[in-house]
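Architecture at a glance
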Number of protein chains: 2
Amino acid sequence: MSSFRYLVPLTTILLICCSKQHSAILYASTFSLFGYIAANWMIPRVGNAFIKIGLFGKDMSKPGRPVIPESVGAISAGIYILVMLLCIPFMFYKYMVTATSGGGYRDISVVEAGEQPTSFFPHDKLSEYLSSILCLESTILLGVADDLFDLRWRHKFFLPSIGAIPLLIVYYVDFGATHVLVPGFLQNWVQIPLIDLGAFYYVYMGAMTIFCPNAINILAGVNGLEVGQSIVLSLLALINDGIYMTLGHPNTWENHRFSAMLILPFLWVSMALYNWNRWPAKVFVGDTYCYFAGMVFAVVGILGHFSKTMLLLFLPQIVNFLYSVPQLFHIVPCPRHRLPRFNEKDGLLYPSRANLQETPAKGFFIPILKLLNFFKLIDLEYDDKGQLVSCTNMTLINLTLVWFGPRREDKLCRLILRLQFGVGILALIARHALGKVLFGHDNLWTID
Amino acid sequence: MSSFRYLVPLTTILLICCSKQHSAILYASTFSLFGYIAANWMIPRVGNAFIKIGLFGKDMSKPGRPVIPESVGAISAGIYILVMLLCIPFMFYKYMVTATSGGGYRDISVVEAGEQPTSFFPHDKLSEYLSSILCLESTILLGVADDLFDLRWRHKFFLPSIGAIPLLIVYYVDFGATHVLVPGFLQNWVQIPLIDLGAFYYVYMGAMTIFCPNAINILAGVNGLEVGQSIVLSLLALINDGIYMTLGHPNTWENHRFSAMLILPFLWVSMALYNWNRWPAKVFVGDTYCYFAGMVFAVVGILGHFSKTMLLLFLPQIVNFLYSVPQLFHIVPCPRHRLPRFNEKDGLLYPSRANLQETPAKGFFIPILKLLNFFKLIDLEYDDKGQLVSCTNMTLINLTLVWFGPRREDKLCRLILRLQFGVGILALIARHALGKVLFGHDNLWTID
């Protein structure tokens with residue numbers, strides 16, 4: 001989509017301007033650019049190697065179903081990791097220099113028995129950074145295994161949360177905040193402003209590292225959508241970071257600088273991938289990229305301390321998941337593929353449908369289907385006798401087609417991305433406006 | 001080899017007894033055992049999945065050259081990472097509890113403007129631990145890419161050192177020691193007891209992260225040798241750790257406990273792999289495992305502060321590399337495979353030979369070949385006219401066969417491993433004895 005071509009550099013430049021301390025964001029932006037160039041150069045060149053080892057797929061929504069390389073998003077993910085590793089010396093150079101008295105002599109205090117070791121270097125920051133990269137690398141390894149072996153759900157479901165252990169440890173040690181604010185109107189009832197969720201907060205964060213990667217993986221099936229939605233999510237998160245770094249309390253700057261540092265390189269390597277994955281796709285992204293992308297947002301949300309805002313940005317993905325539940329749990333029959341149906345004659349995509357005659361939906365759910373149909377949240381088909389024949393598959397992609405009518409793949413993708421961007425902006429506005437209403441203040445301006 | 005069956009548990013138990021502070025080593029041992037069980041259960045079960053996606057190889061030294069799964073060492077590597085991640089909460093639990101005043105309240109000091117942040121948690125230790133796992137995961141990713149795509153040398157040569165960036169940063173910040181001791185007899189000449197290598201020391205450590213992984217990768221070609229040599233290296237390193245933890249200065253305990261924590265799980269997942277890779281091999285280990293194994297030792301050597309001792313343990317691998325140089329640089333012709341030649345009739349392995357008639361060795365090198373032949377370091381073959389016909393390929397494996405005569409694959413592997421173990425023990429003795437002679441003291445007893 002050509003609008004990304006302007007939005008991505010624009011956001012990067014704005015963010016550099018917003019950041020009070022330029023160096024970190026500037027380094028991240030510079031390295032992001034290298035990452036973009038490297039990924040953009042490499043992706044079209046590895047296709048044959050991927051096809052050769054069996055990593056390819058058929059593009060179902062094109063005439064003749066051409067075979068194109070699959071899992072190429074792993075290249076973007078790998079380059080991201082390289083960029084982040086190369087960034088470390090620059091990110092921490094400042095500290096490495098100021099922590100010495102010069103002449104190569106390092107003033108690290110001597111640790112004596114019983115004393116706590118101290119040093120001038122921000123080890124906590126380094127731990128955060130390292131645990132983030134570590135978590136992302138673990139996710140990539142899991143994704144590669146999934147791309148290669150098509151792991152079963154029960155084998156891979158909990159694995160991302162093991163990769164997140166270093167992250168949660170760092171969170172525990174550095175912040176340890178496990179309380180949530182109680183909205184003002186409820187405070188009269190419960191008589192406390194804060195509820196400490198304790199260990200449940202860690203379960204919630206662990207769940208987030210499972211949800212985010214899978215959420216991106218299931219809103220897929222149209223050329224460019226996996227990468228496109230990740231780019232939109234990145235832009236939204238960066239806008240939020242920019243707002244905090246301009247209007248926010250100085251206490252919040254550090255977290256949002258950290259978030260921007262992690263997201264900027266991701267945005268740019270994704271942009272490179274988008275160039276080749278957008279309609280008509282030359283490559284497929286694969287599970288590796290989807291998991292990796294989701295985990296970037298989970299990591300940033302957790303260590304950047306705005307996991308709830310981040311989940312708000314995932315609203316379309318959450319809605320897509322909830323909307324899919326009846327089919328995922330086989331209350332409504334679920335065909336193997338729920339991609340939109342490609343019509344070779346007019347080249348347009350139509351909503352795909354689940355056959356309700358072969359395997360009817362569970363009885364109790366039929367009224368709900370009819371209700372959804374009434375609100376135009378699904379399209380039901382009846383035969384002459386008034387019997388249910390089929391319903392559209394329950395994914396956001398099909399729903400968009402139900403609402404806006406059949407369209408070409410690229411236009412559908414663009415439409416969904418625009419909707420996602422619009423919803424995201426509204427969510428951000430609502431979050432800061434409602435925050436003020438519900439809690440008496442918004443942490444954009446004050447922090448308790 | 002059955003002797004591993006006793007040596008590995010014995011070393012583990014001895015190490016637990018040696019460690020002054022039991023908890024860390026005990027946790028590592030317990031998790032190692034889980035790792036062993038998981039790997040030993042999984043490895044025979046994934047074979048078909050590996051073969052299905054094209055990861056298989058022919059065992060050249062068996063009648064009929066059976067096809068067996070390749071790259072299965074990646075399972076051991078993956079389980080190692082899982083074990084290390086699961087270990088983190090236990091390793092740092094002590095600090096997480098003592099750093100609070102109880103009741104879930106965390107006494108982290110408030111950072112005020114201009115003040116250096118301090119906290120009771122050993123962030124430097126966590127950084128070390130995280131950077132080690134990160135470096136190993138990067139190596140695994142590189143190994144997987146190599147196993148899948150057969151990367152070219154020029155593409156993969158420098159990549160391990162990028163994975164080692166976090167390691168070197170942590171080294172720089174935590175230790176920053178870049179000087180080497182000058183031996184006593186040289187001190188009269190140079191008039192200084194220490195030479196500061198500065199940046200070169202980092203180049204040297206970067207080179208180590210390139211050398212170690214490749215060193216294990218090139219001493220290969222006999223069932224069980226890649227894993228076997230890694231197990232022997234682990235045992236030697238653990239013996240060294242045990243010596244330090246019993247006899248050494250208390251300052252050195254921490255480093256060697258760290259080393260043992262990293263090596264123990266590695267030793268056990270390798271042991272599981274060895275069960276299936278030893279003669280007659282059911283699986284091949286692949287590049288992933290070799291790189292990963294080498295990197296474990298590089299990481300431990302660097303962060304455990306005994307990179308030079310570690311290199312001493314790599315003596316057989318170094319000799320193998322130096323001995324191979326004439327063929328690697330095509331001074332002597334190098335056939336595509338330099339594996340020993342399998343004789344189907346008697347089932348024994350014979351030294352394989354490079355044909356010197358088709359492509360003769362470089363002229364200046366022929367006297368050297370003859371010299372090597374004189375010292376029984378190679379076997380030359382002449383025709384009736386006294387012309388050179390062939391020489392044995394220049395690898396330690398072939399040299400062992402030249403020295404000890406043809407033998408069956410398992411006996412050859414066992415012999416090489418025994419030689420390696422013997423050389424390693426001698427190297428350790430020499431290191432501590434010579435250390436005293438050369439430097440006037442050995443850091444086993446005193447530290448400056």
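What you see is a predicted model; the values in this text were computed from it and never measured.

1. Section: the overall build of chain A
The number of helices and strands found in chain A is 17 helices and nine strands. For 448 residues, the compact-globule estimate of 2.2 N^0.38 gives 22 Å, and chain A sits close to it at 24 Å. In terms of principal-axis extent, the alpha carbons of chain A reach across some 85 × 60 × 40 Å. Counting across all 448 residues of chain A, residues that qualify as buried make up 54%. Summarising the internal contacts of chain A: among those between residues at least 6 apart in sequence, 74% fall at separations of at least 24. Of the roughly 19700 Å² that chain A leaves accessible, carbon and sulfur atoms contribute 66%. Once the 33 positive and 28 negative side-chain charges of chain A are each reduced to a mean point, those two points are 9 Å apart.

2. Looking at the interface of chain A and chain B
Listed as interface residues are 43 residues of chain A and, on the opposing side, 42 residues of chain B. Summed over both partners, the interface of chain A with chain B comes to about 4200 Å²; 77% of that surface belongs to carbon and sulfur atoms. Joining chain A to chain B, the criterion identifies zero salt bridges. Between chain A and chain B we count three residue pairs in polar contact (both at pLDDT 80 or more) in total.

3. Things to note about the UniProt feature "transmembrane region" (unreviewed entry) in chain A
All names here are of chain A. In the numbering adopted here, UniProt assigns the feature "transmembrane region" (unreviewed entry) to residues 72-93, 157-173, 185-204, 216-238, 258-276, 288-306, 312-332 and 415-434. A helix fraction of 74% and a strand fraction of 0% characterise residues 216-238, whose end C-alpha atoms lie 18 Å from each other. Regarding residues 258-276, the helix share stands at 100% and the strand share at 0%, and the terminal C-alpha atoms are separated by 29 Å.

4. A short note on the side chain of A:Asn343
With respect to the secondary-structure elements, A:Asn343 resides in strand β5 (residues 341-343). For A:Asn343, the side chain forms a polar contact with the main-chain nitrogen of A:Lys345, separated by 2.9 Å.

5. Looking at unusual backbone geometry
Geometrically, the link from A:Trp279 to A:Pro280 is a cis peptide bond, its omega value of -15° lying close to zero. Position of A:Pro280 relative to the elements: it lies in the loop between α11 (250-277) and α12 (286-303).

6. What to know about a nonpolar patch on the surface
A surface patch of nonpolar side chains, about 920 Å² in accessible area, is lined by A:Phe185, A:Leu186, A:Trp189, A:Val190, A:Ile192, A:Ile195, A:Leu197, A:Phe200 and A:Val203. When residues of the nonpolar patch are traced back to their parent elements, those giving at least two are α8 (184-190) and α9 (199-218) of chain A.

7. Description of the confidence of the model for chain A
Close reading of the predicted structure is inappropriate where its pLDDT is low. Residue and element names in this part refer to chain A. Looking at chain A, pLDDT values average 86 and 91% of them are 70 or higher. Scored below 50 in pLDDT, residues 98-119 shows 20 contacts in the model against residues more than four places distant or in partner chains. What the predictor reports for the complex is a pTM of 0.90 with an ipTM of 0.88.

8. Describing the packing of helix α4 (residues 123-149) of chain B against helix α7 (residues 165-174) of chain B
All names here are of chain B. Taken N-terminus to C-terminus, the directions of α4 and α7 make an angle of 155°; their axes are 8 Å apart at the nearest point. Put simply, α4 runs roughly antiparallel to α7. The two elements α4 and α7 meet at a crossing, and its hand is left-handed. Across from Asp 124, Ser 127, Glu 128, Ser 131, Ser 132, Leu 134 and Cys 135 in α4, the residues of α7 making contact are Pro 166, Leu 167, Val 170 and Asp 174.

9. So, the environment of A:Tyr93
With respect to the helices and strands, the residue A:Tyr93 is situated in helix α3 (residues 73-98). Along the sequence, A:Tyr93 and A:Leu401 sit 308 residues apart, while their C-alpha atoms lie 51 Å from each other.

10. Notes on the nonpolar core
Counting residues in each nonpolar core, the largest one holds 251 residues, and the members touching the most others are A:Ile88, A:Tyr129, B:Ile88 and B:Leu369. If near-sequence neighbours (up to four positions away) are discounted, A:Ile88 is found in contact with A:Leu126, A:Tyr129, A:Leu130, A:Ile133, B:Ile165, B:Pro166 and B:Ile169.

11. So, the relation of the copies chain A and chain B
Least-squares fitting of chain A to chain B yields an RMSD of 0.0 Å, with the transformation described by 0.0 Å of translation along the axis and a rotation of 180°. Look at the turn and shift together and you get a two-fold axis relating the two. Same-surface contact between copies: 98% of interface residues of chain A are shared with the interface of chain B.

12. As for the sheet that holds strand β9 (residues 388-392) of chain B
All names here are of chain B. Pairing within the open sheet is antiparallel, and its three strands lie in the order β7-β9-β8. In the strand order of this sheet, the two ends are held by β7 (353-355) and β8 (380-382), each with one partner. The sheet shows a mean angle of 25° between the axes of neighbouring strands, direction not considered. Examined bridge by bridge, β7 and β9 share three bridges and lie antiparallel to one another. Within β9, the residue paired with Asn 355 across the bridge is Ser 390.

13. Some thoughts on the environment of B:Met84
All names here are of chain B. Turning to its location among the elements, Met 84 is positioned in helix α3 (residues 73-98). Residue class for Met 84 comes out buried when judged on its relative accessible area of 2%. Apart from the residues lying within four places of it in its own chain, the contact partners of Met 84 are Tyr 129, Ile 133, Met 261, Leu 262 and Pro 265.

14. Side note on the sheet that holds strand β8 (residues 380-382) of chain A
Residues and elements named next belong to chain A. If you trace the three strands from one edge of the open sheet to the other, you get β7-β9-β8, paired in antiparallel fashion. Edge positions in the sheet fall to β7 (353-355) and β8, since each has one partner strand and no second. Across the sheet, the mean angle from the axis of one strand to that of its neighbour is 25°, orientation sign disregarded. Along the sheet, helix α15 (residues 366-374) contacts β8 and β9 (388-392); its crossing angle with β8, the most-contacted strand, is approximately 110°.

15. Considerations on the packing of aromatic side chains
The description of two aromatic rings rests on the distance between their centres and on the angle between their planes. Under the counting rule described, the total for this entry stands at 48 aromatic pairs over all chains. Measuring from centroid to centroid gives 6.0 Å for A:Tyr171 and A:Tyr202, while their planes differ by 75°, and the two rings are edge-to-face. Residue A:Tyr171 is found in helix α7 (residues 165-174), and its partner A:Tyr202 is found in helix α9; the two are separated by 31 residues along the sequence. Take A:Tyr171 and A:Tyr202: they sit in the same class, and that class is buried. Seen from their ring centres, B:Phe297 and B:Phe314 are 5.9 Å apart, and the 75° between their planes marks the pair as edge-to-face. Of this pair, B:Phe297 sits in helix α12 (residues 286-303) while B:Phe314 sits in the loop between α13 (307-313) and α14 (315-328); the two residues are 17 residues apart in sequence, bridging distant segments of the chain. For the pair B:Phe297 and B:Phe314, a shared accessibility class is recorded, and that class is buried.

16. Remarks on the pattern of salt bridges
Residue and element names in this part refer to chain A. Here the structure, examined in full by the defined rule, presents 18 salt bridges over all chains. Asp 379 is the salt-bridge partner of Arg 353, the closest N and O atoms lying 3.0 Å from each other. Linking Arg 353 in strand β7 with Asp 379 in the loop between α15 and β8, this pair joins segments that are 26 residues apart in sequence. A network of salt bridges, in which partner residues are shared, links Asp 59, Lys 62 and Glu 409.

17. A word on the pairing of β9(A)
Residues and elements named next belong to chain A. For β9, the buried fraction is high: five of the five residues fall into the buried class. Pairing analysis gives three bridges linking β8 to β9, with the strands arranged antiparallel. Looking across to β9, one finds that Tyr 382 is bridged to Leu 388.

What counts and what doesn't
Residues numbered from 1 in each chain as written. Chains lettered and ligands numbered in written order. Predicted model: local features only at pLDDT ≥ 70, side-chain atom pairs only at ≥ 80, totals over all residues. Heavy atoms only, no water. Helix = DSSP H or I, 4+ residues; strand = E, 2+ residues; numbered from the N terminus. Rg over C-alpha atoms; globule rule 2.2 N^0.38 Å. Buried < 20%, exposed > 50% of the residue type's maximum accessible area, 1.4 Å probe, protein only. Contact = heavy atoms within 4.5 Å. Areas by Shrake-Rupley, 256 points an atom, 1.4 Å probe, with all protein chains shown as cover. Lys, Arg positive; Asp, Glu negative; His and termini not counted. Charge placed at Lys NZ, Arg CZ, Asp CG, Glu CD. Buried area = accessible area lost by both parts, 1.4 Å probe. Salt bridge = Lys/Arg side-chain N within 4 Å of Asp/Glu carboxyl O. Polar contact = N/O pair within 3.5 Å; in protein donor to acceptor, adjacent residues only side chain to side chain. UniProt positions renumbered as here; feature names shortened; annotations may be inferred. Patch = residues over 30% accessible without salt bridge, like charges linked within 9 Å, V, L, I, M, F, W, Y side chains within 5 Å. pLDDT = per-residue confidence, 0-100. Axes fitted to C-alpha atoms, helices over the stretch in contact; angles between N-to-C directions. Parallel < 35°, antiparallel > 145°, perpendicular 65-115°, else oblique. Left-handed = near helix turned anticlockwise from the far one by under 90°. Core = buried A, V, L, I, M, F, W, Y, C linked by side-chain atoms within 4.5 Å. Least-squares fit on C-alpha atoms with pLDDT ≥ 70 in both. Pairing = 2+ DSSP bridges. Phe/Tyr/Trp six-rings, centres within 6.5 Å; stacked < 30°, edge-to-face > 60°.

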